[in-house]
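One-letter residues, chain by chain:
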Amino acid sequence: MAYSQTFGQDLDSYKWKNRLLLFVAQHINDNALSANLNAFTKEQKKLTDRDLVLFAMSPKKVYNQDNSKSNLNAELIYKQLKLAPDFEGVLLIGKDGGIKLTKAYPLTPEVVFDKIDGMPMRQSEMRSRKD
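Residues numbered from 1 in each chain as written. Predicted model: local features only at pLDDT ≥ 70, side-chain atom pairs only at ≥ 80, totals over all residues. Heavy atoms only, no water.

## Details of the overall build of the protein chain
- Looking only at helices and strands, the protein chain features six helices and five strands.
- Relative to the globule expectation of 14 Å for 131 residues, the C-alpha radius of gyration of the protein chain, 14 Å, shows essentially globular dimensions.
- Seen through its principal axes, the protein chain has C-alpha atoms that stretch 45 × 30 × 25 Å.
- Burial statistics for the protein chain: of 131 residues in total, 44% are counted as buried.
- Here the analysis covers contacts within the protein chain between residues at least 6 apart in sequence; of these, 58% occur between residues at least 24 apart.
- Just so you have it, the protein chain exposes about 7,000 Å², and 50% of that area is on carbon and sulfur atoms.
- Side-chain charges of the protein chain comprise 20 positive and 16 negative groups, with the mean position of each set lying 3 Å from the other. (Helix = DSSP H or I, 4+ residues; strand = E, 2+ residues; numbered from the N terminus. Rg over C-alpha atoms; globule rule 2.2 N^0.38 Å. Buried < 20%, exposed > 50% of the residue type's maximum accessible area, 1.4 Å probe, protein only. Contact = heavy atoms within 4.5 Å. Areas by Shrake-Rupley, 256 points an atom, 1.4 Å probe, with all protein chains shown as cover. Lys, Arg positive; Asp, Glu negative; His and termini not counted. Charge placed at Lys NZ, Arg CZ, Asp CG, Glu CD.)

## So, the nonpolar core
- Counting residues in hydrophobic clusters, the biggest one holds 20 residues, and the most contacted among them are L21, F23, L52, L54, L92 and V112.
- Mapped by element, the contributors of at least two residues to this core are β1 (19-24), α2 (31-41), β2 (52-57), β4 (89-93) and α5 (109-117).
- Look past the residues within four positions of L92 in its chain and what remains in contact with it is L20, L21, L52, G98, I99, K100, L101, V112, K115, I116 and M119. (Core = buried A, V, L, I, M, F, W, Y, C linked by side-chain atoms within 4.5 Å.)

## Let's talk about the confidence of the model for the protein chain
- Chain-level pLDDT for the protein chain is 87 on average; 90% of the residues reach the 70-or-more range.
- Note on residues 1-9: pLDDT is under 50 here. Beyond four places in sequence and across chains, it has 30 contacts. (pLDDT = per-residue confidence, 0-100.)

## Considering the packing of aromatic side chains
- Within the structure shown, the criterion is met by three aromatic pairs.
- Relative to F55, the ring of Y14 has its centre 5.7 Å away and its plane inclined at 85°; by these criteria the two rings are edge-to-face. With Y14 in the loop between α1 (3-6) and β1 and F55 in strand β2, the pair connects residues that are 41 residues apart, well separated along the chain. Accessibility classification places Y14 together with F55 in one group, the buried group.
- Both rings, one in F23 and one in F40, keep their centres 5.3 Å apart while their planes meet at 70°; by these two values the pair is edge-to-face. Here F40 lies in helix α2 and F23 lies in strand β1, a separation of 17 residues in the sequence. Take F23 and F40: they sit in the same class, and that class is buried. (Phe/Tyr/Trp six-rings, centres within 6.5 Å; stacked < 30°, edge-to-face > 60°.)

In structure tokens form, the structure reads like this:
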């Protein structure tokens, strides 16, 4: 699934470079969203090692990991991912643009890291970094 088909032009620059983790809630200041996002931001070295970029998203807005407003179109993402308007949880998008994980809150970083580390592309990355 290509980003251009799934998200529009906004995420094209991430394809084949980054994995994306979208923290979704009705309101950006939602307690479950904040708690889960904070758990992941404490693992910055592991995020960087896995080329993982975090976003917080509500039905109307998307924010970068540093809480700055993103130029991503939340309404388009909801529509094209066929997210229910009341969905709250985490979406993991692979480097190929495919949805790799959809989970309700709470979600620990270990679950996501294990999922990523089990992917063939990630295993290849780990082998090539050892060389």
